[in-house]
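Fold and geometry: a report
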Amino acid sequence: MSASRTAAHAVVVGSGIGGLTAAVALRQSGWQVTVLEQAKSLEPVGAGIGLAPNSQRALDVIGLGDEIRALAAWQGPGGMRNPSGRWLSRTDSTAAAERFGGPLVLVHRATLIDRIARRLPEGAVCTGCPGELTDPGTAGGRRARVRTPDGDIEADLVIGADGIHSAVRRALFPHHPGPAYSGFTTWRTVVPAPERPFEPHETWGAGSLWGTQPLKDGRIYAYAAAVAPAGAHAADGEKAELLRRFGDWHDPVPGIITAAGPERVLRNDVHHMITPLPAFHRGRTVLLGDAAHAMAPTLGQGGNQAIEDAIVLAHHAAGADLGAGLAAYSAERLPRTAVIVRKSARVARLMSLTAAPAVAARDTLMSAVSRLGPGLVLRTFDGIADWHPPQRTYAAGAQDAHAGPGVHKGRPARH
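Residues numbered from 1 in each chain as written. Predicted model: local features only at pLDDT ≥ 70, side-chain atom pairs only at ≥ 80, totals over all residues. Heavy atoms only, no water.

As a further point, take the sheet that holds strand β13 (residues 201-205). Spatially, β5-β4-β13-β14-β15-β12-β16 is the arrangement adopted by the 7 strands of the open sheet, whose pairing is mixed. Either end of the sheet is taken by a strand with one partner, and the two such strands are β5 (87-92) and β16 (266-272). Looking at each pair of strands side by side, their axes are set apart by 20 degrees on average, direction ignored. Of the strand pairs in this sheet, strand β12 (residues 180-191) and strand β15 (residues 220-227) are connected by 8 bridges, and their pairing is antiparallel. (Pairing = 2+ DSSP bridges. Helix = DSSP H or I, 4+ residues; strand = E, 2+ residues; numbered from the N terminus. Axes fitted to C-alpha atoms, helices over the stretch in contact; angles between N-to-C directions.)

Below is the structure:
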């Protein structure tokens, strides 16, 4: 990189999954890293996240992949159903693992955030400390600058990991249209395991879907989506809204909704960036995750792609020429994520069908494909779940232990 190794300092704006992964990967490459988080704690907003083999291999680079694989809970069959309970397509955990080289792992976001943050030293993450990019810097010269409540920080590299409504993205590309409403909203919750066992499933109805998946600790992660106006909320609470929309669907859906605590049902509109950015970097500043390529959750790849971003960024930032490294990161990540954004949008359109003839045709097609074998169903994830990182999977020093949670409730040191 252009700055000396001992002086190289990266500032990460945002402490989500992608930002923390980037912080760990960069630190293992020799960078000094400061993570700025405006929230007062690292408690993530959300419920569960599915980690596919592609992100698990990325986590191998920072020594976390096997720890995540050990949390896999899906064993045996599963598939897609219609609201009456009829199976539209069938697959199983073994077929998925064999095709893509690993299992699908459902974890609670809080668990994943904690596992990553543990690999940072005390004081690396500064909570209650928002960061505003005031100067992206120049790749071959001027350092970037970030404003905090206690003054400015100069950095050799700034990473915008500040989510779908990224202020860093707006500062870099003020004329880009940004994310647009996808046309549907989502709900998420985690509940205790029901008394009767069930096969993991995703159920598709008219303009709506429901998913019920097990977590390793025995709890159930449930998610739903439905076509709805942007910004809409139920006057009597989101649990009541779920009962209205999904309460007459097949078991275990009604029981899952009944078991959910009203305060634990999260609702979020889905926005995605159909128009790609011209690049993921400018000067010494780079974007990753939702800040760079927000996508619909219909392929479950949002968090997975953020983890990929972080690992690829650390790989390219390790070279002698930071400018060339950031350009290589953009060139590698922008085309891949643009394809996945578009593919996720196509699946979202299928889910959003509401006319009875179109829904019937969609369900018939799903059933026909399933009868030809689970391989055709899984083919949707070819080129996605089979990705490998540019680094070797267990990098030297990846298992080094950094004591403490890696979180400091205070202000960053000045550099």
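Before going further, it helps to examine the pattern of salt bridges. Between side chains of opposite charge, a pair can form as their charged atoms come close. For the structure shown, the criterion picks out 24 salt bridges. With a shortest N-O distance of 3.6 Å, R147 and E132 are connected by a salt bridge. Taken together, the residues R147 in strand β9 (residues 144-148) and E132 in strand β8 (residues 132-135) connect sequence positions 15 residues apart. With relative accessibility at 41%, the residue R147 sits in the partly exposed group. Judged by relative accessible area, E132 falls into the partly exposed class, the value being 43%. Through salt bridges with shared partners, a single ionic network connects E132, R143, R145, R147, D152, E154 and D156. (Salt bridge = Lys/Arg side-chain N within 4 Å of Asp/Glu carboxyl O. Buried < 20%, exposed > 50% of the residue type's maximum accessible area, 1.4 Å probe, protein only.)

To continue, consider helix α4 (residues 93-100). Residues of α4 that are buried include every one of S93, A95, A96 and F100, and no others. The buried residues of α4 occupy an angular sector of 165 degrees when projected down its axis, which confines them to one face. Of the residues flanking the end of α4, it is G101, one or two places downstream, whose phi is positive at about 80 degrees. (Arc of directions from axis to C-beta.)

We now examine the packing of helix α10 (residues 302-317) against helix α11 (residues 322-351). Taken N-terminus to C-terminus, the directions of α10 and α11 make an angle of 160 degrees; their axes are 8 Å apart at the nearest point. Comparing their axes, α11 and α10 come out roughly antiparallel. Our pair here, α10 against α11, has a crossing hand that is right-handed. Within the contact between the two elements, α10 uses Q305, E308, D309, V312, L313, H316 and A317 and α11 uses L322, G325, L326, A328, Y329, E332, R333, R336, T337 and I340. Its residues assigned to classes, the contact of α10 with α11 comprises 8 nonpolar, 4 polar and 5 charged. (Parallel < 35°, antiparallel > 145°, perpendicular 65-115°, else oblique. Left-handed = near helix turned anticlockwise from the far one by under 90°. Contact = heavy atoms within 4.5 Å. Nonpolar A, V, L, I, M, F, W, Y, C, P; charged D, E, K, R; others polar.)

Function cannot be read off these values alone, since they describe shape.
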